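Summary of the model geometry
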Amino acid sequence: MTYVVTDQCTGCRYTECVTVCPVECFHLDDEMTYIDPENCIDCGGCVPACPVGAIQPAYLLPPEQQKWIEINRRRAAETPVITSRLAPLPGADQRKMALGR
Amino acid sequence: MTTSPYRIAIVGAGPSGFYAAEALLRTGQDLAVDLFERLPVPYGLVRFGVAPDHPKLKQVTAVFDRIAAMPGFRFVGGVEVGVDVGIETLRNAYHAVILATGASLGRKIGLPGEGLAGIHQASDFVGWYNGHPDCRDLTFDFRGERAVVIGHGNVALDVARLLVKTPDELRHTDIARHALEALAESRIREVHLVGRSGPAGTRFSAKELQEFGTLENCDPGVEPGDLGRDPFDPPHDADPERRMAIGLLEGFSHRMWEKGKRCLFRFHLHPASFEGYDHVGRVMFRRMAPGEDMERELAIDTGLVFLSLGRRSAPLADVPYDGARGVHANVGGRVGGEEHGVPGLYACGWSKRGPQGTIGTNRACALDTVDKLLADLGSLPSPGADAADDLVSALWKRQGLRLDFDAWRAIDAAEVTRGRALGKPREKFVSVEAMIDAARGRDIAC
Ligand SMILES: Cc1cc2nc3c(=O)[nH]c(=O)nc-3n(C[C@H](O)[C@H](O)[C@H](O)COP(=O)(O)OP(=O)(O)OC[C@H]3O[C@@H](n4cnc5c(N)ncnc54)[C@H](O)[C@@H]3O)c2cc1C
Ligand code: SF4
Ligand code: SF4
């Protein structure tokens with residue numbers, strides 16, 4: 001099992017998730033973050049930390065979201081690890097409000 | 001000109017102590033960190049709290065080992081601050097001291113009969129099955145058929161799960177041998193997990209609850225009479241995690257009892273007293289479920305009770321204590337706070353903010369404390385250049401050996417070897433003497 005970042009994260013990039021990960025397994029590109037399934041220890045700490053509910057345990061993903069397991073695996077291998085919080089992308093606050101959070 | 005590096009002492013080698021060391025050593029400043037730990041073994045509650053059947057979480061120790069390998073890091077094991085060395089002595093030998101001592105004391109419940117035999121702190125049971133040297137001589141009476149766990153958090157779930165798992169489900173974990181043997185003889189068939197709130201008000205995390213649906217010889221259940229009106233309606237502001245947990249409990253309420261054991265989730269029960277002669281025989285509760293017009297008295301017969309009501313930090317001599325929060329008194333990690341602060345003294349982890357969050361929460365917490373420390377560092381008085389090294393040498397000389405990280409590596413290797421023969425990831429040494437003997441396998445006498 002692992003935890004997976006889904007498309008809710010796109011264009012938001014509050015990196016609250018990164019600050020609570022005990023093993024630094026978040027990776028990042030211009031769009032969003034990805035969890036490295038090889039390093040994730042399933043602590044679940046990032047789930048409540050994400051203000052937009054983008055992170056889910058793999059076993060709870062609905063069928064149409066299952067593809068994110070593979071995307072996280074692939075993109076985590078291709079992108080750099082991120083070890084501390086970034087400034088949110090412009091528009092992140094509006095997106096958070098639009099999502100009603 | 002030689003510039004002496006800043007010397008920082010951290011007290012407690014649990015997650016928050018390691019993360020504080022990492023945050024300091026990553027600054028690029030010329031500084032060195034001594035991590036003091038009362039036991040010869042590191043990792044705090046990752047070794048002695050996290051349940052043995054959650055091995056994946058324990059992989060976080062690989063991160064701590066990487067931190068231990070950073071230049072400027074030193075592990076000083078077997079030294080209890082406040083006993084073997086005073087906090088003032090430490091403050092005089094270092095620029096700054098960070099307390100990361102955790103929360104080792106269980107909270108009492110404050111009810112009549114609390115002192116009866118058979119009533120235990122969950123933290124003692126956890127320490128016992130995890131082989132903590134302080135807990136190895138405890139005994140628990142598993143001869144009855146029913147146990148009661150009071151408190152609705154994840155530690156209570158760990159306690160209940162360990163009580164209902166089969167020996168085969170535990171055999172290949174790093175559970176202490178004495179615990180595996182005693183639990184294999186257990187006659188407990190029914191565990192009541194009791195809390196004051198309803199299904200929507202627990203602190204269970206969904207992942208931990210979900211495991212109860214997958215146990216080999218135990219069914220989860222809910223006592224219908226406890227529930228009251230609309231028990232499984234999530235509050236409107238519930239996050240997805242909470243909704244999931246409530247949904248799981250609702251699922252449990254439809255389960256039949258088919259397997260050998262049962263774990264009953266009980267709600268809206270307020271403990272009133274413990275009854276029995278020298279040994280507890282039953283626990284009295286008042287039930288106040290929403291929508292019921294009157295409060296009911298209710299008894300659960302049991303000879304084994306675990307209190308899982310949270311933890312607080314052990315006070316340290318010469319360190320101000322916040323009795324209400326159960327932590328070293330601090331404002332944002334500065335001990336004592338803004339006006340009556342103790343200069344150069346800081347806190348992080350559970351001894352700063354109390355027992356909440358996951359392992360990684362301590363990382364953000366330690367970073368925050370280290371930010372404060374770095375802001376103050378220039379204004380703190382400098383100890384003598386050799387003060388820290390002299391102190392550590394003297395402590396080790398007094399012990400007659402050097403319990404550093406290499407000593408831990410020797411203990412670790414010996415534990416893994418012992419475990420291999422039993423098909424376990426490790427068989428822990430459960431006494432400090434045995435740990436030291438294993439460490440002596442290497443040449444660490446000084
Ligand atoms: C039963 C249980 C299960 C848990 N399960 C999980 C889980 O599944 N997932 C998860 O994410 N988190 C879990 N946690 C939480 C996690 O263990 C804590 O968040 C974390 O260990 C707190 O770190 P800490 O460094 O503040 O304290 P601790 O880990 O308690 O470390 C404190 C250290 O300080 C040492 N010390 C204390 N006083 C002194 C002194 N005077 N001198 C020298 N050394 C001293 C202690 O020996 C200890 O090594 C669990 C906790 C418990 C109790
Ligand atoms: S906190 Fe959530 S939304 Fe923000 S970067 Fe992390 S996963 Fe994405
Ligand atoms: S579950 Fe834990 S280890 Fe995995 S990504 Fe989230 S915070 Fe990191």
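What counts, and at which threshold
Residues numbered from 1 in each chain as written. Chains lettered and ligands numbered in written order. Predicted model: local features only at pLDDT ≥ 70, side-chain atom pairs only at ≥ 80, totals over all residues. Heavy atoms only, no water. UniProt positions renumbered as here; feature names shortened; annotations may be inferred. Near = heavy atom within 4 Å. Nonpolar A, V, L, I, M, F, W, Y, C, P; charged D, E, K, R; others polar. Pairing = 2+ DSSP bridges. Helix = DSSP H or I, 4+ residues; strand = E, 2+ residues; numbered from the N terminus. Axes fitted to C-alpha atoms, helices over the stretch in contact; angles between N-to-C directions. Contact = heavy atoms within 4.5 Å. Domains from an automatic or database assignment. Buried area = accessible area lost by both parts, 1.4 Å probe. Salt bridge = Lys/Arg side-chain N within 4 Å of Asp/Glu carboxyl O. Polar contact = N/O pair within 3.5 Å; in protein donor to acceptor, adjacent residues only side chain to side chain. Core = buried A, V, L, I, M, F, W, Y, C linked by side-chain atoms within 4.5 Å. Buried < 20%, exposed > 50% of the residue type's maximum accessible area, 1.4 Å probe, protein only.

In the annotation of an unreviewed UniProt entry, chain B is listed under the name Pyridine nucleotide-disulfide oxidoreductase and assigned to Xaviernesmea rhizosphaerae. UniProt, in its Sequence similarities (unreviewed entry) section for chain B, records the words "Belongs to the ferredoxin--NADP reductase type 1 family." Entered under Cofactor (unreviewed entry) in the UniProt record, the comment concerning chain B runs "FAD".

Looking at an unreviewed UniProt entry, one finds chain A named Ferredoxin and attributed to Xaviernesmea rhizosphaerae. According to the UniProt record, the Function (unreviewed entry) comment for chain A reads "Ferredoxins are iron-sulfur proteins that transfer electrons in a wide variety of metabolic reactions."

**Notes on the site of ligand 3**
All residues adjacent to ligand 3 are Tyr3, Cys21, Pro22, Val23, Cys25, Phe26, Ile35, Cys40, Ile41, Cys43, Gly44 and Cys46 of chain A. Considering only residue class, the shell around ligand 3 consists of 11 nonpolar, one polar and no charged.

**A closer look at the sheet that holds strand E9 (residues 218–222) of chain B**
Residues and elements named next belong to chain B. If you walk across this open sheet you meet the six strands as E6-E14-E7-E8-E10-E9, and the pairing is parallel. In the strand order of this sheet, the two ends are held by strand E6 (119–121) and E9, each with one partner. Taken pair by pair, the neighbouring strands of this sheet meet at an average axis angle of 20°, ignoring direction. Where helix H6 (residues 122–129) meets the sheet, its contacts fall on E6 and strand E14 (305–307), and the angle it forms with E6 comes to roughly 70°.

**Notes on the domain arrangement of chain B**
All names here are of chain B. Domain annotation of chain B identifies domain 1 (6–104 + 312–399) and domain 2 (108–121 + 141–164 + 182–308). Relative placement of domain 1 and domain 2: their C-alpha centres are 36 Å apart. Listed as interface residues are five residues of domain 1 and, on the opposing side, five residues of domain 2. When domain 1 packs against domain 2, close to 350 Å² is buried across both sides, 46% of that on carbon and sulfur atoms.

**Observations regarding the interface of chain A and chain B**
Taken together, the contact pairs 19 residues of chain A with 19 residues of chain B. Remark: the boundary between chain A and chain B carries three salt bridges. Run the count over chain A and chain B and you get nine residue pairs in polar contact (both at pLDDT 80 or more). By residue class, the composition of the side of chain A that touches chain B is 13 nonpolar, three polar and three charged.

**Thoughts on the nonpolar core**
Most often, soluble globular proteins have nonpolar side chains that are buried together. Counting 81 residues, the largest nonpolar core has Phe26 and Ile55 of chain A together with Phe18 and Ile98 of chain B as its most contacted members. Element by element, the count of residues in this core is highest for helix H1 (residues 15–25) of chain B, at seven residues. In contact with Ile98 of chain B, not counting residues within four places along its chain, are Ile8, Ala9, Ile10, Val11, Ala20, Leu24, Tyr346, Ala347, Cys348, Thr369, Val370 and Leu373 of chain B. Counting residues in hydrophobic clusters, the runner-up holds 44 residues, among them Ala147, Phe204, Leu227 and Leu304 of chain B.

**Section: the UniProt feature "binding site: NADP(+)" (unreviewed entry) in chain B**
Residues and elements named next belong to chain B. Taken from the UniProt record, the annotation "binding site: NADP(+)" (unreviewed entry) applies to His152, Gly153, Asn154, Val155, Glu208 and Gly357. Note on placement: His152 falls in the loop between strand E7 (146–150) and helix H7 (154–164). Residue His152 is classed as buried on the basis of its relative accessible area of 5%. For His152, the residues in contact, after removing those within four places along its chain, are Leu193, Val194, Gly195, Thr202, Arg203, Phe204, Arg266 and Phe267. Separated by 3.2 Å, the side chain of His152 and the backbone nitrogen of Gly195 make a polar contact. Looking at the secondary structure, you find Val155 in helix H7. By relative accessible area, which is 33% here, Val155 ends up partly exposed. Apart from residues no more than four positions distant in its own chain, Val155 is found in contact with Ala122, Val126 and Ser308.

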